[in-house]
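Results of the structural survey
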Amino acid sequence: MIYLDNAATTRICDEALEEMMPFLKEKYASPLGQYAPGFRANAALNTARDRVASLIGADRSEITFTSSATESNNLFLRGVKRNNAETIIVTQTTEHASVLSTCEALARENADIRLIKVPVDRDGFVDEAAYTEALKVRPAVVSIMHVNNETGVVNDIKKLCGLAHEAGALFHTDAVQSVPHMRVDVRELGVDALSVSGHKLHGPKGSGFIYLKKGVMIRPILTGGGQENGLRSGTPDVAACVGLGKACEVLADRLLPDESAALAADRFTEVIKEVLPQAIVNRPTGSDVSFYDPDRDLREQSSKLYLREIVSVSIPGGDALSLIPDLDMAGICCSSGAACSAGKKGVSHVLTAMGIGEKLAKGTLRFSFSRYNTEEEATEAAVIVGRVVQKNLENHGILFK
Ligand code: PLP
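Residues numbered from 1 in each chain as written. Predicted model: local features only at pLDDT ≥ 70, side-chain atom pairs only at ≥ 80, totals over all residues. Heavy atoms only, no water.

Some details on the domain arrangement of the chain
By the assigned domains, the chain splits into domain 1 (2-10 + 257-395) and domain 2 (14-253). Between the C-alpha centres of domain 1 and domain 2 the distance comes to 26 Å. The interface of domain 1 with domain 2 comprises 39 residues on the first partner and 35 residues on the second. When domain 1 packs against domain 2, close to 3200 Å² is buried across both sides, 53% of that on carbon and sulfur atoms. Here domain 1 is connected to domain 2 by one salt bridge. As a salt-bridge pair, arginine 299 and glutamate 188 come within 3.7 Å of each other at their nearest N and O atoms. Viewed at the interface, domain 2 and domain 1 are joined by 16 residue pairs in polar contact (both at pLDDT 80 or more). Looking at the side of domain 1 that touches domain 2, the elements with two or more residues in it are strand 12 (304-306), strand 13 (310-314) and helix 11 (349-353). The dominant element in the side of domain 1 that touches domain 2, judged by the number of residues it contributes, is helix 11, at four residues. Partitioned by chemical class, the residues of the side of domain 1 that touches domain 2 number 20 nonpolar, 11 polar and eight charged. (Domains from an automatic or database assignment. Contact = heavy atoms within 4.5 Å. Buried area = accessible area lost by both parts, 1.4 Å probe. Salt bridge = Lys/Arg side-chain N within 4 Å of Asp/Glu carboxyl O. Polar contact = N/O pair within 3.5 Å; in protein donor to acceptor, adjacent residues only side chain to side chain. Helix = DSSP H or I, 4+ residues; strand = E, 2+ residues; numbered from the N terminus. Nonpolar A, V, L, I, M, F, W, Y, C, P; charged D, E, K, R; others polar.)

Overview of the side chain of asparagine 148
Within the secondary structure, asparagine 148 is located in the loop between strand 5 (141-143) and strand 6 (153-154). Judged by its relative accessible area of 4%, asparagine 148 is buried. Side-chain polar atoms of asparagine 148 contact the backbone nitrogen of glutamate 150, separated by 2.7 Å. Asparagine 148 has contacts with Thr94, Val153, Ile310 and Val350, leaving out every residue within four places of it along the chain. (Buried < 20%, exposed > 50% of the residue type's maximum accessible area, 1.4 Å probe, protein only.)

Topic: the packing of aromatic side chains
Throughout the structure, instances matching the rule amount to two aromatic pairs. When the centroid spacing of 4.6 Å and the interplanar angle of 50° are considered together, the rings of phenylalanine 268 and phenylalanine 367 count as tilted. Highlighted residues: phenylalanine 268 in helix 9 (residues 260-275) and phenylalanine 367 in strand 15 (residues 364-368), separated in sequence by 99 residues. Aromatic pair phenylalanine 268 and phenylalanine 369: ring centres 5.4 Å apart, planes at 55°, arrangement tilted. With phenylalanine 268 in helix 9 and phenylalanine 369 in the loop between strand 15 and helix 13 (375-395), this residue pair connects regions lying 101 residues apart in the sequence. Accessibility classification places phenylalanine 268 together with phenylalanine 369 in one group, the buried group. Three or more aromatic residues joined by ring pairs make a cluster, and in this case those are Phe268, Phe367 and Phe369. In this structure, arginine 11 packs its charged tip against the face of tyrosine 372, placed 4.0 Å from the ring centre. (Phe/Tyr/Trp six-rings, centres within 6.5 Å; stacked < 30°, edge-to-face > 60°. Lys NZ or Arg CZ within 6 Å of the ring centre and 35° of its normal.)

Dropping the structure here:
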């Protein structure tokens, strides 16, 4: 099997698993316990918090552990303090469902909440003119994702956040897909809140966190014992937090020198273009667009970046719903779009928001890479994908010369 669905979830790294194990077996005390094993569990939680904070340049006190990025996004969007007057939330059309559906539910369920969804341009970047226009109504909250999970397009969060602040809004970003591949510094970006998922960065499932800048007021969505500084009641899952902390530490050590995921993705893209000349690799175009270069400071790079690790490939005439099972039979794991929408028959809202026609969007596959993918297997995978796709198309009477 060649696993190329790392934007959906990643393999847990050995270092994280090893550190977690004792907390699932003998070190099971609650971190609230007023006895030595409880104090030790609490110390482990603090270490994990330090490691997480250090990955994104935050302070330990600004990190709240959650079960997932879905929970982090919900905690911020539902918990952010609202005035009595109308609250306007600004987001964009290509957000992950955990932001988009939450904003939509909030607007549906609360007469005093209004939602503005800013469109994206053909490349998938936030439409800046529409964004500036939306800010004129002085929203209370803006939530714009850092990297899109289907296309790898990187939004210029520093700039978007600065504009939101000028308009008096709080700024949140879903950084689920950026943190595993980019150096993300919350002070540099200037954001008020940032969501991260553990299982996308080689940590355990059921782990995540939200960064909330000192002073940002949030009401909890879970009430109870008041754990996590009152923001998330319930006995903390120490093992999951320890695993997440370790995964973040390992990631911080590897981020700069390790380009293996991007190199594997590059190799895959090159070979795909050879074996499937009719395929369209959905990457932003334009002279000012560039890929994110981990060796260079973000401040010196273009404001229009994309991550090489997420490769979206549209197959004219293809149907992802029949291609994915065929690829699975041939040992390739990939997806049609966002993990949570995989399996749903609908067309990707991200691709359609970018103006990609419904037919082509239906024939779009996402291949996403992690540091565990090698260039050799990427080459092998691309050759298999080429063969399987051509056969699938032939079986459906679609021939390309
Ligand atoms: N945000 C983005 C951009 C994602 O890609 C995902 C998962 O696909 C999520 C949020 C949800 O993450 P989690 O599975 O931790 O809830």
